[in-house]
Amino acid sequence: MTKQKLAVVADAKSSMDMALVVPPALFTADVKKPPLMPGKYITISKKKLLENIEINGGARINAWVESMRASSPTSHRKLTQDQTNWMDRHPSALKVFDEITNASKGKQIVMFLDYDGTLSPIVDDPDRAYMSDAMRATVRKLAGCFPTAIVSGRCRDKVYNFVKLAELYYAGSHGMDIRGPLKGSKYKKNPPSVLCQPASEYLPMIDEVYGLLMEKTKSTPGAKVENNKFCLSVHFRCVEEKKWSELAAQVRSVLKDYPKLRLSQGRKVLEIRPTIKWDKGKALEFLLESLGYANCTDVFPIYIGDDRTDEDAFKVLRERGQGFGILVSKMPKETSASYSLQEPSEVMDFLQRLVDWKRHSW
Ligand SMILES: O=P(O)(O)OC[C@H]1O[C@H](O[C@H]2O[C@H](CO)[C@@H](O)[C@H](O)[C@H]2O)[C@H](O)[C@@H](O)[C@@H]1O
């Protein structure tokens, strides 16, 4: 039996604890091997079976689901000491504000801001993840001081409709849809016109998979599929935890026929995107180049984000040895960011301090 057939078996029943009868070879890492004793079958719970289903890229469904579980608030009761150690390694950007501005002296700061969980609080309904008017006013002032880009997993139009600031650069679909400002800012009267869509050939495939995922997941209460144009999001946030493995298996059963698409994980979300070598880190580099800072030593990019996909941008900054990343998180997380902020309200305070510092440093 192949891995594909295995996925179909897993999909066929709805109860997590239902016992399935399958050949023993299916529980080994290499499910292509024939059973050691042909004809002999053993019983295993569906939960155990799901641990062995691979998703494109080799990661295991169960790893995603466990990781999602680990990052849910109920799992963080005993983190006090860990938190302290982590904060030593990733101090609050507010506490070390002077250190940061000193490091940027004589350099051009360029700001990169993630949207969900960074400018807007995380909420149950992705269509209602509004940013506050105060945050919008702060980002507007920021863009008047430094070139500023929003870098989001969302479709570009959707994130623009939340932010509503025409003077910013926008990189939607995890950086696969980049557009320059629609109007100039006080900082830059005539910004360069930019457009970059490295995954356009994937549009028909993404639309097709969107339809299939809508159909496949409709049996899972609370599941939501979001079309982000060059990528898709399958939301787990409103799905009962005991149904997470089932939903992940539904996603896998659709994706197994699309090797040119891959999965990544965000905050209670599985994200489906083209396998092209393009991510938020590449988008950051593209934007720096478009702004004329490709080979400059006097540029100081600051990237603020809360999610795994932001790590690609944090890594690029570390590799370039320029600027730094700030992770928005209340709990310790493996990260390439240098500093931390706890939540969007702290992000707003940090941005406001940058504006005040810039205004008073002339
Ligand atoms: O790169 P981002 O701007 O952070 O976008 C990543 C995903 O953000 C959204 O989902 C997340 O926020 C939702 C609203 O608060 C929340 O309900 C969900 O659980 C989070 O994962 C967005 O809806 C996704 O499409 C983005 O990929």
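Look up: the structure comes first, before these words.
Residues numbered from 1 in each chain as written. Predicted model: local features only at pLDDT ≥ 70, side-chain atom pairs only at ≥ 80, totals over all residues. Heavy atoms only, no water.

Chemist: How would you summarise the site of the ligand if you had to cite specific residues and measurements?
Modeler: Within the structure, the ligand sits among 22 residues, and Val123, Glu226, Arg237, Arg267 and Glu271 are positioned closest to it. Interatomic distance of 2.5 Å between a backbone N/O atom of valine 123 and an oxygen atom of the ligand. Histidine 235 places a side-chain nitrogen or oxygen 3.3 Å from an oxygen atom of the ligand. Burial of the ligand by the protein chains amounts to 100% of its free accessible area of 580 Å². (Near = heavy atom within 4 Å. Polar contact = N/O pair within 3.5 Å; in protein donor to acceptor, adjacent residues only side chain to side chain. Areas by Shrake-Rupley, 256 points an atom, 1.4 Å probe, with all protein chains shown as cover.)

Chemist: Explain the pattern of salt bridges to me, and be specific about the residues and the numbers.
Modeler: Opposite charge on two side chains makes pairing possible when the charged atoms of those side chains draw close. In total, this model carries 16 salt bridges according to the counting rule given. Here glutamate 215 ties to lysine 218 by a salt bridge, and the two come within 2.8 Å at their closest N and O atoms. We classify glutamate 215 as partly exposed; its relative accessible area is 49%. Owing to a relative accessible area of 59%, lysine 218 belongs among the exposed residues under this scheme. Among the ionic pairs, lysine 243 bridges to glutamate 246, the shortest N-O distance being 3.8 Å. In this structure lysine 243 comes out as partly exposed when scored by relative accessible area, which is 23%. Accessibility expressed as a relative area gives 7% for glutamate 246, which makes it buried. Members of the salt-bridge network, linked through shared partners, are Asp116, Asp127, Arg154, Lys158, Lys224 and Glu226. (Salt bridge = Lys/Arg side-chain N within 4 Å of Asp/Glu carboxyl O. Buried < 20%, exposed > 50% of the residue type's maximum accessible area, 1.4 Å probe, protein only.)

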